[in-house]
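# Fold and geometry: a report
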Amino acid sequence: MRKVTLIPGDGIGPEIVGAAVKVLEAARAPIEWEIADAGISAVKKGKPALSDEVLDSIRKNGVCLKGPTETPVISGHRSVNVALRQELGLYANLRPVKSIKGIKTRYERIDLVVVRENTEDLYAGIEHKIGNVAAESVKLITAEASSRIAKFAFEYARKEGRKKVTAVHKANIMKLSDGLFLECARKVAADYPDIVYEEVIIDNMCMQLVRNPEKYDVLLCPNLYGDIISDLCAGLVGGLGVVPGANVGDGVAVFEAVHGSAPDIAGKNVANPTAMILSAAMMLKYMGEGKKGERIEKALYEALEAGENLTPDLGGKATTDEFCESVIKRLETVV
Ligand code: NAI
C-alpha cells in the first residue's frame, strides 16, 4: 500500500473524485488515502485555502490526486492551484488530448499533448495597482524555467515515441520575454535531432488547432498560452469533462482534470468523471502501476464507445454515479 494525498476540492470536485476513488478501489489499486482539504471547502471549515499541512502531506507522499478548487475573481484568496504548483515546484503541466471513440466531434484523429510551464509567466502573481487608473502585471520568464520545461517536453516526446515538438509563443511582440523562452527551447531542441522542432505564434496556433489539430504532437507552451490552449484542445475532443492532467516536479506530482469546479452543475450528480478517472489512471502509471492504469483506461474507453450511461455533457442522460458504475462493471471483464 502506498499513501497518496487526496484533495476532494470544490464544486463538482467531491462528486468526480468520489467516482475516481471507486474506480481505483475496483481496480485494486494499492493506495491508502490521506484526505486533505483545500480551496473554498477548506476556507468554509475555518482553514486556510492551502495550508502547510496539505503541502506537507503532498511532499511526504510524493503523489496527490486533486479535485478542482475554486478561485474567487478579483478579490479573495490566491489560486490554490497556482500556489500549489509554485510551492511544490510542479514545473510541468502535462495534458494529453486524444480523440475518444464514441464521442462525436468534428475531428477523429487528434493525439497531442500540451506541455505547459507551470510556475511563472503572468501567473507569478507579481502585480500592483497604480492608483485607481492603472494596474500592472509582470510577465516573468526565466532561462532556468524555460530550459527546464523545454527539456521536459523533449524527454517526454522521446520516451513516448512522439515525433514533433511545437513551441508556442508571441515573440514577435514580446521580444524579450517570449524571445527568451524561444531561445531556450531552440538550445534544448538542438540536443534532440531525432525530434522535429517548430515554432508557431499563439494566435496562428489557435487557428491551426481548430483547422488541422491532427498535425500536432507535443505543444510546448509558456504558462498563459498553455492554460488557454488546453481548454481549446479539450473542446476539440469532447469538452472539459474528458481531458486529464498532471502537474509534475522533481519527485512529486499532483494529478487533476483540466477543468475547474463547474459551479453551474455542482451538487447535481451530472458531472462527467472521465477526466478525473483518466487523471487517476495517469497517476497509477506514474506510481509504477501501469497495468492497472491501462485496465482503467480500457474499461473507461469501452464504456464511452458503447455510449453507455453517458453524462449530459456528452449528450446522455446518466448521472455521474451511473457512468462510474458502467466503468466499474467493464473493469471486471477487461484484461
Ligand atoms: P470550469 O472548467 O469549471 O467550467 C467550464 C464549463 O465546463 C462549465 O459549463 C462546466 O459545467 C463545464 N464542465 C467542466 N467540467 C465538467 C465536467 N467534468 N463535466 C461536465 N461539464 C463540465 O471553468 P470555470 O467555470 O471557468 O471555473 C470555475 C471555477 O473553477 C473557478 O473558480 C476557477 O478558478 C476554477 N478552476 C479550477 C481549476 C483547478 O482546480 N485545476 C482549473 C480551472 C478552473
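Here the structure is a predicted model, which is why all the values come from computation and not from measurement. (Residues numbered from 1 in each chain as written. Predicted model: local features only at pLDDT ≥ 70, side-chain atom pairs only at ≥ 80, totals over all residues. Heavy atoms only, no water.)

## Examining the overall build of the protein
Check the secondary structure of the protein and you find 11 helices and 12 strands. The C-alpha radius of gyration of the protein comes to 20 Å, within 12% of the 20 Å expected for a compact globule of 335 residues. Dimensions of the protein, computed from the C-alpha atoms along their principal axes, are close to 55 × 50 × 35 Å. The buried share of the protein, taken over its 335 residues, is 54%. At a minimum sequence separation of 6, the contacts of the protein that also span at least 24 residues come to 73%. Accessible area of the protein: about 15,200 Å², with a carbon and sulfur share of 53%. (Helix = DSSP H or I, 4+ residues; strand = E, 2+ residues; numbered from the N terminus. Rg over C-alpha atoms; globule rule 2.2 N^0.38 Å. Buried < 20%, exposed > 50% of the residue type's maximum accessible area, 1.4 Å probe, protein only. Contact = heavy atoms within 4.5 Å. Areas by Shrake-Rupley, 256 points an atom, 1.4 Å probe, with all protein chains shown as cover.)

## Observations concerning the site of the ligand
In the vicinity of the ligand, 21 residues are found, and the nearest of them are Thr 69, Asn 81, Gly 260, Ala 262 and Asp 264. Residue Lys 66 places a side-chain N or O atom 3.1 Å away from an oxygen atom belonging to the ligand. Side-chain polar atom of Asn 81 to an oxygen atom of the ligand: 2.9 Å apart, as the coordinates give it. In isolation the ligand has 810 Å² of accessible area, and contact with the protein removes 69% of it. Assessed atom by atom at 2 Å from the grid points, the ligand resides in the largest pocket. A breakdown of the residues in the shell around the ligand according to their chemical character gives 8 nonpolar, 8 polar and 5 charged. (Near = heavy atom within 4 Å. Polar contact = N/O pair within 3.5 Å; in protein donor to acceptor, adjacent residues only side chain to side chain. 1 Å grid on protein atoms, 1.4 Å probe; cavity = no way out; pocket = protein on both sides within 12 Å on 5 of 7 lines; lining within 4 Å. Sits in = over half its atoms within 2 Å of the grid points. Nonpolar A, V, L, I, M, F, W, Y, C, P; charged D, E, K, R; others polar.)

## Re the pattern of salt bridges
For the coordinates displayed, the defined rule picks out 22 salt bridges. A salt bridge links Glu 302 to Arg 330; the nearest nitrogen and oxygen atoms lie 3.4 Å apart. In this pair, Glu 302 is assigned in helix H10 (residues 290-305) and Arg 330 in helix H11 (residues 320-331), connecting sequence segments 28 residues apart. The exposure class of Glu 302 is partly exposed, given its relative accessible area of 31%. (Salt bridge = Lys/Arg side-chain N within 4 Å of Asp/Glu carboxyl O.)

## A word on the sheet that holds strand S5 (residues 111-117)
Strand order in the open sheet formed by 10 strands is S2-S1-S3-S12-S11-S4-S5-S10-S8-S9, with mixed pairing between adjacent strands. Edge strands, defined here as strands with exactly one partner in the open sheet, are strand S2 (31-35) and strand S9 (196-201). Across the sheet, the axes of successive neighbouring strands diverge by a mean angle of 25°, strand direction being ignored. Pairing of strand S4 (residues 92-98) with S5 involves 7 bridges; the strand directions are antiparallel. (Pairing = 2+ DSSP bridges. Axes fitted to C-alpha atoms, helices over the stretch in contact; angles between N-to-C directions.)

## Digging into helix H1 (residues 13-26)
Across its 14 residues, H1 extends 20 Å between first and last C-alpha, which sits within 8% of the 20 Å expected from 1.5 Å per residue. Where H1 is concerned, the buried positions are Gly 13, Glu 15, Ile 16, Val 17, Ala 19, Ala 20, Val 21, Val 23 and Leu 24. Packing partners of the buried residues in H1 comprise strand S1 (2-7), S2, strand S3 (63-66), helix H9 (274-286), H10 and H11. Of the residues flanking the end of H1, it is Arg 28, one or two places downstream, whose phi is positive at about 55°. (Expected span 1.5 Å × (residues − 1).)

## Concerning the packing of aromatic side chains
The tally for this structure, following the rule as stated, stands at 4 aromatic pairs. Ring centres 6.1 Å apart and planes at 85° place the aromatic pair Tyr 91 and Phe 152 in the edge-to-face group. You can see Tyr 91 sitting in the loop between helix H4 (80-87) and S4 and its partner Phe 152 sitting in helix H5 (residues 143-159), a full 61 residues away along the chain. Here Tyr 91 and Phe 152 have matching classes, each one buried. Judged by centre distance (5.1 Å) and plane angle (25°), the rings of Phe 154 and Tyr 192 are stacked. Here Tyr 192 lies in the loop between helix H6 (177-189) and S9 and Phe 154 lies in helix H5, a separation of 38 residues in the sequence. Members of the aromatic cluster, joined through ring pairs, are Phe 154, Tyr 192 and Tyr 197. Taking the ring centre of Tyr 123 as reference, the NZ or CZ of Arg 116 above it sits at 5.4 Å. (Phe/Tyr/Trp six-rings, centres within 6.5 Å; stacked < 30°, edge-to-face > 60°. Lys NZ or Arg CZ within 6 Å of the ring centre and 35° of its normal.)

## Observations concerning the domain arrangement of the protein
Assigned domains of the protein: these are domain 1 (1-90 + 243-335) and domain 2 (106-236). At the interface, 9 residues of domain 1 touch 9 residues of domain 2. Here domain 1 meets domain 2 over a buried area of about 710 Å², counting both sides, of which 53% is carbon and sulfur. Three residues, Arg 85, Gln 86 and Val 258, lead the burial of domain 1 against domain 2; their summed loss comes to 49% of the area buried on that side. One can count 0 salt bridges joining domain 1 with domain 2. Inspection of the region where domain 1 meets domain 2 yields 4 residue pairs in polar contact (both at pLDDT 80 or more). Elements with a contribution of two residues or more to the side of domain 1 that touches domain 2: H4 and strand S11 (246-248). Per-element tally for the side of domain 1 that touches domain 2: the top contributor is H4, with 3 residues. Residues of the side of domain 1 that touches domain 2, tallied by class, amount to 5 nonpolar, 2 polar and 2 charged. (Domains from an automatic or database assignment. Buried area = accessible area lost by both parts, 1.4 Å probe.)

## So, the layout of surface pockets
Considered as a void within the structure, the largest pocket measures approximately 1,200 Å³ in volume. Together, 45 residues line the largest pocket, and Thr 71, Ser 79, Asn 81, Tyr 123 and Asp 227 are the ones closest to its centre. Residue classes in the lining of the largest pocket are distributed as 18 nonpolar, 16 polar and 11 charged. Of the residues that make up the lining of the largest pocket, three or more belong to each of domain 1 (1-90 + 243-335) and domain 2 (106-236). By volume, the second largest pocket is sized at about 750 Å³. Contributing to the lining of the second largest pocket are 25 residues, with Leu 94, Pro 96, Tyr 156, Glu 160 and Met 282 lying nearest its centre. If you list the elements that add at least two residues to the lining of the second largest pocket, you get S4, H5, S11, H9 and H10. Class assignment of the residues belonging to the lining of the second largest pocket gives a composition of 17 nonpolar, no polar and 8 charged. Two domains each donate at least three residues to the lining of the second largest pocket, and these are domain 1 (1-90 + 243-335) and domain 2 (106-236). (Points joined across faces, edges and corners; volume = space filled by probe spheres on them.)

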